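Structural overview for review
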There are 2 protein chains.
Amino acid sequence: MSLLSETIQKIPAIDQTFYEKALDRLANQARPAGSLGMLEDASARLAAIKKTLDVRLPNKYILTCAGDHGIVAEGVSLFPQEVTAQMVYNFLDGGASINVLAKHAGARVMVADFGVNYEFEPELPIFHKKIRKGTNNFFKEPAMSREDAIAAIEAGIETVNEICDRSPVDMIGTGDMGIGNTSPSTAIIAVFSKIPIQHLTDRGTGLDDNGLSHKAAVIDAAIKRHAPDADDPIDVLSKVGGYEIGGIAGIVIGAAAKGIPVLSDGLISTAGTLIATELAPTARDYLFAAHQSVEIGHQYMLSRINIQPLLNLNMRLGEGTGAALAMEILDAATRVLAEIKTFDEVSIKNAHKES
Amino acid sequence: MSLLSETIQKIPAIDQTFYEKALDRLANQARPAGSLGMLEDASARLAAIKKTLDVRLPNKYILTCAGDHGIVAEGVSLFPQEVTAQMVYNFLDGGASINVLAKHAGARVMVADFGVNYEFEPELPIFHKKIRKGTNNFFKEPAMSREDAIAAIEAGIETVNEICDRSPVDMIGTGDMGIGNTSPSTAIIAVFSKIPIQHLTDRGTGLDDNGLSHKAAVIDAAIKRHAPDADDPIDVLSKVGGYEIGGIAGIVIGAAAKGIPVLSDGLISTAGTLIATELAPTARDYLFAAHQSVEIGHQYMLSRINIQPLLNLNMRLGEGTGAALAMEILDAATRVLAEIKTFDEVSIKNAHKES
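Predicted model, so just to flag it, every value in this text is computed and none were measured. (Residues numbered from 1 in each chain as written. Chains lettered and ligands numbered in written order. Predicted model: local features only at pLDDT ≥ 70, side-chain atom pairs only at ≥ 80, totals over all residues. Heavy atoms only, no water.)

Our focus in this paragraph is the overall build of chain A. Scanning chain A for helices and strands turns up 14 helices and 7 strands. Relative to the compact-globule value of 20 Å for 355 residues, chain A shows a C-alpha radius of gyration of 20 Å, a close match. The dimensions of chain A, computed from C-alpha atoms along their principal axes, are 70 × 45 × 40 Å. The 355 residues of chain A split such that 64% are buried. Excluding contacts between residues fewer than 6 apart, the proportion of contacts in chain A whose partners are at least 24 apart in sequence is 76%. (Helix = DSSP H or I, 4+ residues; strand = E, 2+ residues; numbered from the N terminus. Rg over C-alpha atoms; globule rule 2.2 N^0.38 Å. Buried < 20%, exposed > 50% of the residue type's maximum accessible area, 1.4 Å probe, protein only. Contact = heavy atoms within 4.5 Å.)

Axes are the key here: two packed helices are described by the angle between their axes and the distance separating the axes. All names here are of chain A. Across the interface, helix 7 (residues 182–193) lies against helix 8 (residues 209–226) with an axial gap of 10 Å and an inter-helix angle of 55°. Between helix 7 and helix 8, the interaxial angle falls into the category oblique. Crossing handedness for the pair helix 7 and helix 8: right-handed. Contacts from Thr-182, Ser-183, Thr-186, Ala-187, Ala-190 and Val-191 of helix 7 reach helix 8 at Lys-215, Ile-219 and Ile-223. (Axes fitted to C-alpha atoms, helices over the stretch in contact; angles between N-to-C directions. Parallel < 35°, antiparallel > 145°, perpendicular 65-115°, else oblique. Left-handed = near helix turned anticlockwise from the far one by under 90°.)

Let's shift gears to the packing of helix 9 (residues 233–240) of chain A against helix 11 (residues 267–279) of chain A. Residue and element names in this part refer to chain A. At a closest axis distance of 9 Å, the pairing of helix 9 and helix 11 adopts a crossing angle of 155°. Considering their axes alone, helix 9 and helix 11 lie roughly antiparallel with respect to each other. Across the interface between the two elements, Pro-233, Ile-234 and Leu-237 of helix 9 pack against Ile-275, Glu-278 and Leu-279 of helix 11. Classifying every residue of the contact of helix 9 with helix 11 gives 5 nonpolar, no polar and 1 charged. (Nonpolar A, V, L, I, M, F, W, Y, C, P; charged D, E, K, R; others polar.)

So, on to the packing of aromatic side chains. Enumeration over the complete set of coordinates arrives at 6 aromatic pairs over all chains. Seen from their ring centres, Tyr89(A) and Phe120(A) are 5.6 Å apart, and the 55° between their planes marks the pair as tilted. Residue Tyr89(A) is found in helix 4 (residues 82–93), and its partner Phe120(A) is found in the loop between strand 2 (107–115) and strand 3 (127–128); the two are separated by 31 residues along the sequence. Judged by its relative accessible area of 7%, Phe120(A) falls in the buried class. Each ring, one from Tyr89(B) and one from Tyr118(B), has its centre 6.0 Å from the other, and the planes form 90°; the classification is edge-to-face. Here Tyr89(B) is found in helix 4 (residues 82–93), whereas its partner Tyr118(B) is found in the loop between strand 2 (107–115) and strand 3 (127–128), with 29 residues between them in sequence. Overall, the relative accessible area of 23% leaves Tyr89(B) in the partly exposed class. Taking the relative accessible area as the measure of exposure, Tyr118(B) reaches 36% and is therefore partly exposed. Here Lys21(A) stacks its cationic end above the ring of Phe18(A), 4.5 Å away from the centre of that ring. (Phe/Tyr/Trp six-rings, centres within 6.5 Å; stacked < 30°, edge-to-face > 60°. Lys NZ or Arg CZ within 6 Å of the ring centre and 35° of its normal.)

Bringing the relation of the copies chain B and chain A into the picture now. Least-squares fitting of chain B to chain A yields an RMSD of 0.0 Å, with the transformation described by 0.0 Å of translation along the axis and a rotation of 180°. Taken together, the rotation and translation relating the two chain copies correspond to the operation of a two-fold axis. Across chain B, the rotation axis passes nearest the C-alpha of Leu311(B), at a separation of 3.1 Å. Both copies contact each other with a shared surface, as 100% of the interface residues of chain B are interface residues in chain A too. (Least-squares fit on C-alpha atoms with pLDDT ≥ 70 in both.)

Our focus in this paragraph is the confidence of the model for chain A. Averaged over every residue, the pLDDT of chain A is 96; residues scoring 70 or more account for 98%. Across the interfaces of the predicted complex, the ipTM metric reaches 0.95, alongside a pTM of 0.96. (pLDDT = per-residue confidence, 0-100.)

Leu39(A), Leu263(A), Leu39(B) and Leu263(B) are the most contacted members of the largest nonpolar core, which totals 254 residues. The residues contacting Leu263(A), other than those within four sequence positions of it, are Met171(A), Ile172(A), Gly173(A), Thr174(A), Phe288(A), Ala289(A), Ala290(A), Leu310(A), Ala323(A), Ala326(A), Met327(A) and Leu330(A). (Core = buried A, V, L, I, M, F, W, Y, C linked by side-chain atoms within 4.5 Å.)

A few words now on the environment of Val88(B). Residues and elements named next belong to chain B. Looking at the secondary structure, you find Val-88 in helix 4. Its relative accessible area of 1% is what places Val-88 among the buried residues. The contacts of Val-88, once residues within four sequence positions are left out, are Ala-66, Val-111, Phe-120 and Ile-126.

A word on the interface of chain B and chain A. Across the contact, 53 residues belong to chain B and 53 residues belong to chain A. Applying the counting rule to chain B against chain A returns 2 salt bridges. The salt bridge partner of Lys103(B) is Glu339(A), with a shortest N-O separation of 3.9 Å. At the boundary of chain B and chain A, one finds 10 residue pairs in polar contact (both at pLDDT 80 or more). Going through the elements one at a time, helix 3 (37–50), helix 4, helix 5 (97–105), strand 7 (309–311), helix 13 (321–339) and helix 14 (351–354) of chain B are the ones with two or more residues in the side of chain B that touches chain A. (Salt bridge = Lys/Arg side-chain N within 4 Å of Asp/Glu carboxyl O. Polar contact = N/O pair within 3.5 Å; in protein donor to acceptor, adjacent residues only side chain to side chain.)

What follows covers the domain arrangement of chain A. Residues and elements named next belong to chain A. For chain A, the domain assignment lists domain 1 (3–54 + 338–354) and domain 2 (60–332). Averaged C-alpha coordinates put domain 1 and domain 2 at centres separated by 30 Å. Summing both sides of the interface, domain 1 and domain 2 together bury roughly 1900 Å²; the carbon and sulfur share of this comes to 73%. The largest contributions to the domain 1 side of the interface with domain 2 come from Leu-4, Ile-11 and Arg-45, which together make up 30% of the buried area. The tally of links from domain 1 across to domain 2 stands at 1 salt bridge. (Domains from an automatic or database assignment. Buried area = accessible area lost by both parts, 1.4 Å probe.)

Looking now at the pattern of salt bridges. With the rule as written, the count across this model stands at 36 salt bridges over all chains. As a salt-bridge pair, Arg335(A) and Glu339(A) come within 2.9 Å of each other at their nearest N and O atoms. One end of the pair is Arg335(A) and the other is Glu339(A), both in helix 13 (residues 321–339) and 4 residues apart, which spans about a single turn. The exposure class assigned to Arg335(A) is buried, which follows from its relative accessible area of 8%. The partly exposed category is assigned to Glu339(A), whose relative accessible area is 23%. One connected set of salt bridges, linked through shared partners, spans Asp54(A), Arg56(A), Arg335(A), Glu339(A) and Lys103(B).

This brings us to the pairing of strand 6 (residues 287–291) of chain A. All names here are of chain A. With 5 of its 5 residues buried, strand 6 lies for the most part within the structure. Looking at chain direction, strand 5 (residues 262–264) and strand 6 are connected through 3 bridges and run parallel. Paired with Val-262 across the strands is Leu-287, a residue of strand 6. Pairing analysis gives 2 bridges linking strand 6 to strand 7 (residues 309–311), with the strands arranged parallel. Note on strand 7: the bridge partner recorded for His-291 is Leu-311. Once you follow strand 6 into helix 12 (residues 297–305) and on to strand 7, the crossover reads as right-handed. (Pairing = 2+ DSSP bridges. Right-handed = clockwise from strand over helix to strand, strands pointing away.)

Below, the structure written as structure tokens:
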């Protein structure tokens, strides 16, 4: 059996007993029922994942997954392809956006190369998981072979396994870096949702109106040419996806198999997450959506996966920045469940109980 | 001159030079322009308030303002009035929702009594600012006299001044506790917005459909009876407001006068904040909206004040819980501005500069 199918089969069910216990405790806390909204939902699911009402998440990781994209030859991005590799070095130097926000959240950033068009020094402290130096230009040919699509996902699974072998991991946030990668992400949700590409395409790093309609036309033509099969997520990934998107899919599946909650970041991360949940619907129980990206296609991904975003701060950066911020919200949610006292623990009248 | 008008006149303009410097730095950071959305806006305004690009907010306070409401005699709330005082003790014991979320945010909770219907022991470590033991039932008579409305606002100003006399204060989050206080809050936004009360009234701690229409009818009748003058915020506060709402208005004005940023919490806090900005429009520059409450009237308050909520987590608890959570977002925003490196500080091609 392949690593991928073996890992999918290993995803454990979350603990329904702890879920119910959590809901009970939340309902009995000295405050109006339901008044902490999404913090309550999140805390109950974390309790079910971690099998305790006092969930602690000290070991948080952001896995920023990098890859390059042949589609940039069609002029779909404002930044040149070299920026992908340059940003990998920037992540390692610690001055990038994700370093700053992860530090604030108490999370460690780790970078994985699934397909950057650059030869990194082998001693560079990243996960060296390169499948190829960038995808093919999917306007002209499939982005990658079916074998490479599976290899990218399995490389993501291996990345999670290797981190877990080194040290405890309580939560993983996904992140991405890849010039041009809003195009494959948009193509992926277009294939699954069947919504016309014009309604799904957005400006990425800042395209103008002409750039935007060109990008939509390129993606539309590519989908028509390759006709990816929406019932076969690997086919979708191979025809219009990206290596880092496959890596992210593998990270989601690998984390779920180890019982680790995952925070999915924005458009690109959620494209990978969507590949994961289409392959392994049970992974959804371990998933949290960090935020609602400005990129229009993101909302359709979240709605297909059926998860609510925790934040909506008009962000559209990627790297894992939304995931890092949302870690602080999930941390707070764990404290809500564990620490707010119940009506029984304090002496306050509960109107709902009395009525 | 009264303390109120004196304090309003003292509100300093924020520093436009630091605002521009912040926008410059944000625009030059090694990431797509505008990609960190509301974090950027917030960090620039904090820079203008604090006159530095490296804003630090170590001394954070949540001021939870308590008061009782005669309107509960009309059956507009599910909880009995005694709960207001009981919750004050719960806040002091440290097991309430606001204690838990403030602790997570590194903020200190202080409680102020502006009008609880209970005689607290003088040695209780709260701000003893009681105007009266609860408002009048504003269904039948004005909630309070004009003098008492001014006294409540000035008591809020004094509260800020007293905290600042003791120790440095970098940020204040507002909070509330008062059984029945969604009714005066809803009445206040109804008077200012002139939107029909049926569109503004919500379920508070959990009213059913009958309770909801009864509550709307009570508020509607009260507004028709007293005809508060929307051009006179003190008249509005006195006729349909509450003591803790006046206290919150004073806290907002007092904090702005001292150059301290304020995070406004949900429906009740924002009712107080609205009274403040109607009296002192310049206070708006110091204001941040913590979250979008589930309570329907809240969005109209935010839109009248013209501020965007940072969070939207389906919360409707009050106490300052949204403000506490949002403090973590504002803290992160300060790090975004100070720590993310610019294109000049790293060697990455900037497509926007080159084009």
